[in-house]
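# Reading the structure
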Amino acid sequence: MDTKAKIRLGGLILLATAVLSLILVLIVDSWPIAILSAIAIMAAAAGGFVWTSRRQQRQFIERLKKFDIDPEKGRVNEANLRRMYHSGGQAQKDAVTLICLSQKCSVDEAHAMFKKRPTRQEINQMAMQQSKGRKRPHR
């Protein structure tokens, strides 16, 4: 998250705390109690959001590692991604999310990419490109 987004989020939390303290003043007759309880409620809510976000990220990484995809290196084998997509369920959603983020495309386009099978000519072209990258040893 960049600095500008953090400042916006902090301002939003501060505004929500102020509004909540004003509402609590109507219920509780004491300003200090209302302000302290609003701060405690907003701190608990912010902590819950941070914990949930980190937990979801950890679970996402664990699901990727089940299909031999290492998010730290950033390189994804297309065969593993296809296997992940065709397994269905949450893994399919994760594969579509990865494609959407990396290719900057819509969900429908990502599904179309996975459903499209490469033709024999495309397979041969990919093999030729890979063999050009490798140098054969001299005999």
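Residues numbered from 1 in each chain as written. Predicted model: local features only at pLDDT ≥ 70, side-chain atom pairs only at ≥ 80, totals over all residues. Heavy atoms only, no water.

## Things to note about the pattern of salt bridges
Spelled out, the test is: When a carboxyl oxygen of Asp or Glu lies within 4 Å of a side-chain nitrogen of Lys or Arg, that pair is called a salt bridge. Comment: elements are numbered from the N terminus, with helices defined as DSSP H or I runs of at least four residues and strands as E runs of at least two. Only protein chains enter the calculation, and the probe is 1.4 Å; a residue is then buried if its accessible area is under 20% of its type maximum, exposed if over 50%, and partly exposed in between.
Within the structure shown, the criterion is met by two salt bridges. Two residues, Asp94 and Arg63, come together in a salt bridge whose shortest N-O distance is 2.5 Å. One end of the pair, Asp94, is in helix α4 (residues 89-103); the other, Arg63, is in helix α2 (residues 31-66), and 31 residues separate them in sequence. A relative accessible area of 3% places Asp94 in the buried class.

## Overview of the packing of α2 against α4
Note the threshold: Axes here mean lines fitted to C-alpha atoms, for a helix over just the part in contact, with angles spanning 0 to 180 degrees between N-to-C directions. Any angle that falls under 35 degrees is termed roughly parallel, while one over 145 is termed roughly antiparallel, one within 65 to 115 roughly perpendicular, and all others oblique. Contacts are assigned to residue pairs that have any heavy atoms within 4.5 Å of one another. Just so you know the grouping, Ala, Val, Leu, Ile, Met, Phe, Trp, Tyr, Cys and Pro go in nonpolar, Asp, Glu, Lys and Arg go in charged, and all remaining residues, Gly too, go in polar.
Where α2 meets α4, the axes come as close as 11 Å, and the angle between the chain directions of the two elements is 100 degrees. Relative to α4, the element α2 is oriented roughly perpendicular. Facing α2, whose interface residues are Phe60, Arg63 and Leu64, α4 presents Gln90, Asp94 and Leu98. Residue classes in the contact of α2 with α4 are distributed as three nonpolar, one polar and two charged.

## Digging into a nonpolar patch on the surface
Rule in force here: Only residues whose relative accessible area exceeds 30% and that form no salt bridge enter a patch; like-charged residues are grouped when within 9 Å of one another, and nonpolar side chains (Val, Leu, Ile, Met, Phe, Trp, Tyr) when within 5 Å. Only the protein chains shown count as covering a residue, and every accessible area follows the Shrake-Rupley method with a 1.4 Å probe.
A contiguous nonpolar patch, built from Leu15, Val19, Ile23, Leu26 and Ile27 and spanning about 550 Å² of accessible area, is present on the exposed surface. Inspection of the secondary structure puts Ile27 in helix α1 (residues 3-27).

## Concerning the side chain of Thr17
Selection criterion: The definition of a polar contact used here is a pair of N or O atoms within 3.5 Å, where within protein one atom must be able to donate a hydrogen and the other to accept one, and adjacent residues in sequence count solely through side-chain atom pairs.
Inspection of the secondary structure puts Thr17 in helix α1. Looking at Thr17, the relative accessible area reads 14%, which means it is buried. Among the polar contacts made by the side chain of Thr17, one reaches the main-chain carbonyl oxygen of Ile13 at a distance of 2.7 Å. Sequence-distant contacts of Thr17, that is, excluding residues within four places in its chain, are made with Ala38, Ile39 and Met42.

## A closer look at the packing of α4 against helix α5 (residues 107-115)
Packing of α4 against α5 brings their axes to within 9 Å, and their N-to-C directions diverge by 110 degrees. Classified by the interaxial angle, the pair formed by α4 and α5 is roughly perpendicular. Mapping the contact onto sequence places Gln92, Ala95, Val96, Ile99, Cys100 and Gln103 in α4 and Val107, Ala110, His111, Met113 and Phe114 in α5. Classifying every residue of the contact of α4 with α5 gives eight nonpolar, three polar and no charged.

## Points about the state of the cysteines
Two cysteines joined by a covalent bond between their sulfur atoms form a disulfide. Worth spelling out the cut-off: By convention in this document, the label disulfide applies to cysteine sulfur atom pairs within 2.5 Å.
Evaluated as defined, the whole model comprises zero disulfides. Take Cys100: it sits in no disulfide, and the sulfur closest to it among the cysteines is that of Cys105, at 4.5 Å. For Cys105, a relative accessible area of 15% translates into the label buried.

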